[in-house]
Amino acid sequence: MQLGIINIAASHPRGVQVGLFNYTSDSGGRKIGLVNISPSTRIDLLAFGGNTSKINAAMRFYNRSTYSIVGVGTHYMGLDKKFSGALSYRLGQYMHLSPRWLMGADLGYSHIETFEEHSSDRPRRLYSLQAHLNAEYRFSPSLGAFASVGYGNTRHYGSGRLYEQKLIVQAGVAVNWRRATQRPFAPRLTDLHDGEAYTDSVGTQFALAPKRRPWLAAVEAAGVNVLVFSYDRWIADATYSRISLRTIRHNFKTGFVWDNDPFSTNLFAHPYHGNLYFNAARSNGMTFWQSIPYALGGSLMWEFCGENEPPAINDVLATTLGGTCIGEMTNRVSHLFLDDSKRGFQRFVREALAFAVNPIQGFNRLLRGEAWRVRSDHNLYHDHAAIPVHVAVSAGLRYLADDGGLFRGECNPCVNIAMDYGDPYNERTNRPYDCFTARVNIGLSSNQPTIYGAHLMGRLWAAPVYVGRTVEARFGVYQHFNYFNSEEVKDGTGTVPYRISEAVGIGPGLIARFLPGRNLESVEQSVYGSVIVLGGSKSDYFKVIDRDYNMGSGYSFKTRTRVVFRRAGYFALNLDYYTYSRGRASKTSTL
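Nothing here was measured: the structure is a model prediction, and the numbers come from that model.

Regarding the side chain of serine 556
Part 1 of the argument: Within the element layout of this structure, serine 556 appears in strand β22 (residues 549-565).
Part 2 of the argument: Since its relative accessible area comes to 1%, serine 556 is described here as buried.
Part 3 of the argument: Within the structure, the side chain of serine 556 is placed 3.2 Å from the side chain of glutamate 502, a separation counted as a polar contact.
Part 4 of the argument: At 2.6 Å, the side chain of serine 556 forms a polar contact with the side chain of serine 530.
Part 5 of the argument: Setting aside residues up to four positions removed in sequence, serine 556 forms contacts with Glu502, Tyr528, Gly529, Ser530, Ile532, Tyr577 and Tyr578.

Okay, here's the thing in structure tokens:
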């Protein structure tokens, strides 16, 4: 171990360094400090302007998933005869959206020096705590441009009295400083591109990603709307489907509203509809991030042109982002069934199951002749060695209490399907949704919803926090979709027991796994928090047309505990907490 302000290990770099500045001659050593450099570290020189310190220069140190920035800036409070400036440090995480686009988020500290001895409007020294969200586009391996937005809280030293708090805006260029010792990181899975395999495993058994057809994807997304509209207009004869140029103009003039459709329509059917738009793009070769605008475009087209009712902002949010969550999961699950080397009845069953899970992909496979094409190489669409999948199906009874009465309710037969997709501790599988969990609850009673629960959580990005021999922890960003629904109990009080939705949720998560040995195979603990952009909950005071629930935003916390025994199964405990607010109203739900 090296412990000091500056640590340098030119030989025998294996071990741990703890200090402000740490350097090793290879990438094997562990470092805990403000600036950590190894041969794999990418160093960028930054020049940028902003609304805090106006002219800035900095050095950025990129490691595998983290970065740190050390910088200096001038005239923090204005360019005049009294010099003012700032020294800053930022530490954050980043991820690649594509080979050229990067996103990052960081926390920072700035020391501000004005050299004023006794001035109330310009104190001699200040400090600022800041948070930034950054986007960068790389024109080449050596040159990029970036923009940053954030928020800063600036205070006096000593007293901690607030000086100012404001939005931070910055933009500039980044130039890579190439060193002779710089070596690239080991390759990791990224979004698929034309002609690349569905996995980076060695071999030719895995299928190649479809050719990108962005215009065909747009036509198919629009075609979904045409198909649904045709059913609504000429088969169901729905009043809202009687559209004209006048109704379209009226929708554009009116703008967005909150609609009054039933709970299942707004917070489950709309997200499922969005999954069709999303997979129109995914099955035509678009990446995860590139497919999201297709879900948004399809939703906007329907809201403004597919109905004679004003467009609903809640529908756009649920369809676009809820549809993204469902869409990527159905895209991944459908790949589990496909095997182009099979023939006969087995091939038919596989294609039928994949079509049922992901109809748009199934349509495209029929369109391109892939549904019956037989080949001995590039025939598999999922690598179970890299991304393991565990599925559990259970059946039983659930008890639904009426109006909170413990002995007043009904029992319903049900089937529960659970899937754990991917290894959350495998660092190489770090694309969006390389790891997700899905729980679907199916009711078999005529008076209750057929799908009374859907609980989906997909990992967008993750990075290791600690890796030891018996303990491992990772931090990530997750997308959440949760849906709890029920109807009135038979012969009850007429009260709906519960309705809870987290249609659009995103937030951080921390997972940890302990390997104690002996009779315990593992102890796993995870904690998640999410910002609920759109959710809903049953309301005792709101009933308009088909709505007996309210919609709004909020937050949620979830914990997952699992103890796995070597010869006796496992014990699991899940706790969920949801809080919603709309205006002055709020609703809290704990499960």
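So much for the structure itself; the text now carries on.
Some remarks on the packing of aromatic side chains
Part 1 of the argument: Here the structure, examined in full by the defined rule, presents 25 aromatic pairs.
Part 2 of the argument: Note on phenylalanine 288 and tyrosine 433: the rings are 5.6 Å apart at their centroids and 40 degrees apart in plane angle, and the pair reads as tilted. Linking phenylalanine 288 in helix α4 (residues 288-305) with tyrosine 433 in the loop between β16 (409-421) and β17 (436-443), this pair joins segments that are 145 residues apart in sequence. Each of the two residues, phenylalanine 288 as well as tyrosine 433, counts as buried.
Part 3 of the argument: Relative to phenylalanine 557, the ring of tyrosine 555 has its centre 5.7 Å away and its plane inclined at 65 degrees; by these criteria the two rings are edge-to-face.
Part 4 of the argument: The exposure class of tyrosine 555 is partly exposed, given its relative accessible area of 38%.
Part 5 of the argument: Among the aromatic residues, those joined into a ring-pair cluster are Phe278, Phe288, Trp289, Tyr421, Tyr433 and Phe436.
Part 6 of the argument: Geometry around tyrosine 549 places arginine 547 over its ring, the cationic atom sitting 5.1 Å from the centre.

Section: the packing of helix α3 (residues 263-282) against α4
Part 1 of the argument: Remark: α3 packs on α4, axes separated minimally by 8 Å, with the N-to-C direction vectors making an angle of 130 degrees. With respect to α4, the element α3 is oriented oblique. Where α3 crosses over α4, the two elements pack in a sense that is right-handed. Contact residues: α3 offers His270, Gly274, Tyr277, Phe278, Ala281 and Arg282, while α4 offers Phe288, Ser291, Ile292, Tyr294, Ala295, Gly298, Ser299, Trp302 and Glu303.
Part 2 of the argument: Split into classes, the residues belonging to the contact of α3 with α4 amount to eight nonpolar, five polar and two charged.

Some words on the sheet that holds strand β4 (residues 21-24)
Part 1 of the argument: In spatial order, the strands read β2-β4-β6; together these three strands make up an open sheet with parallel pairing. Strands with a single pairing partner mark the edges of an open sheet, and in this sheet they are β2 (6-9) and β6 (35-37). Between one strand and the next, the sheet's axes are offset by a mean angle of 5 degrees, whatever the strand orientation.
Part 2 of the argument: Inspection of the sheet shows β2 paired to β4 by four bridges, in the parallel sense. Looking at the pairing, asparagine 7 lines up with asparagine 22 of β4.

Topic: the pattern of salt bridges
Part 1 of the argument: Scanning all chains against the criterion turns up 29 salt bridges.
Part 2 of the argument: With its nearest N and O atoms 2.9 Å apart, the salt bridge here joins aspartate 340 to arginine 375. Of this pair, aspartate 340 sits in the loop between α5 (313-337) and α6 (344-357) while arginine 375 sits in the loop between α7 (359-368) and β15 (389-401), placing them 35 residues apart in sequence.
Part 3 of the argument: We note a salt bridge from glutamate 487 to arginine 499, for which the minimum N-O separation is 2.9 Å. Taken as a pair, glutamate 487 in the loop between β19 (471-484) and β20 (500-514) and arginine 499 in the loop between β19 and β20 lie far apart in primary sequence, 12 residues in all.
Part 4 of the argument: Taking relative accessible area as the criterion, arginine 499 reaches 8% and is therefore assigned buried.
Part 5 of the argument: If you follow the salt bridges from partner to partner, you end up with Asp340, Arg347, Glu351, Arg365, Arg368, Glu370 and Arg375 in one network.

Considering the environment of glycine 33
Part 1 of the argument: Checked against the element boundaries, glycine 33 lands in the loop between β5 (30-32) and β6.
Part 2 of the argument: Between the alpha carbons of glycine 33 and valine 18 there is a distance of 5.9 Å; along the sequence they are 15 residues apart.
Part 3 of the argument: In this structure, glycine 33 is in contact with Gly19, Leu20, Asn22 and Tyr89, ignoring residues within four places of it in sequence.

Some details on the confidence of the model for the protein
Part 1 of the argument: Confidence in the prediction of the protein, expressed as mean pLDDT, is 86, and 90% of residues score 70 or more.
Part 2 of the argument: Within the model, pLDDT remains below 50 along residues 180-197, and this stretch shows 56 contacts once partners closer than five positions in the same chain are excluded.

Definitions and cut-offs
- Residues numbered from 1 in each chain as written.
- Predicted model: local features only at pLDDT ≥ 70, side-chain atom pairs only at ≥ 80, totals over all residues.
- Heavy atoms only, no water.
- Helix = DSSP H or I, 4+ residues; strand = E, 2+ residues; numbered from the N terminus.
- Buried < 20%, exposed > 50% of the residue type's maximum accessible area, 1.4 Å probe, protein only.
- Polar contact = N/O pair within 3.5 Å; in protein donor to acceptor, adjacent residues only side chain to side chain.
- Contact = heavy atoms within 4.5 Å.
- Phe/Tyr/Trp six-rings, centres within 6.5 Å; stacked < 30°, edge-to-face > 60°.
- Lys NZ or Arg CZ within 6 Å of the ring centre and 35° of its normal.
- Axes fitted to C-alpha atoms, helices over the stretch in contact; angles between N-to-C directions.
- Parallel < 35°, antiparallel > 145°, perpendicular 65-115°, else oblique.
- Left-handed = near helix turned anticlockwise from the far one by under 90°.
- Nonpolar A, V, L, I, M, F, W, Y, C, P; charged D, E, K, R; others polar.
- Pairing = 2+ DSSP bridges.
- Salt bridge = Lys/Arg side-chain N within 4 Å of Asp/Glu carboxyl O.
- pLDDT = per-residue confidence, 0-100.

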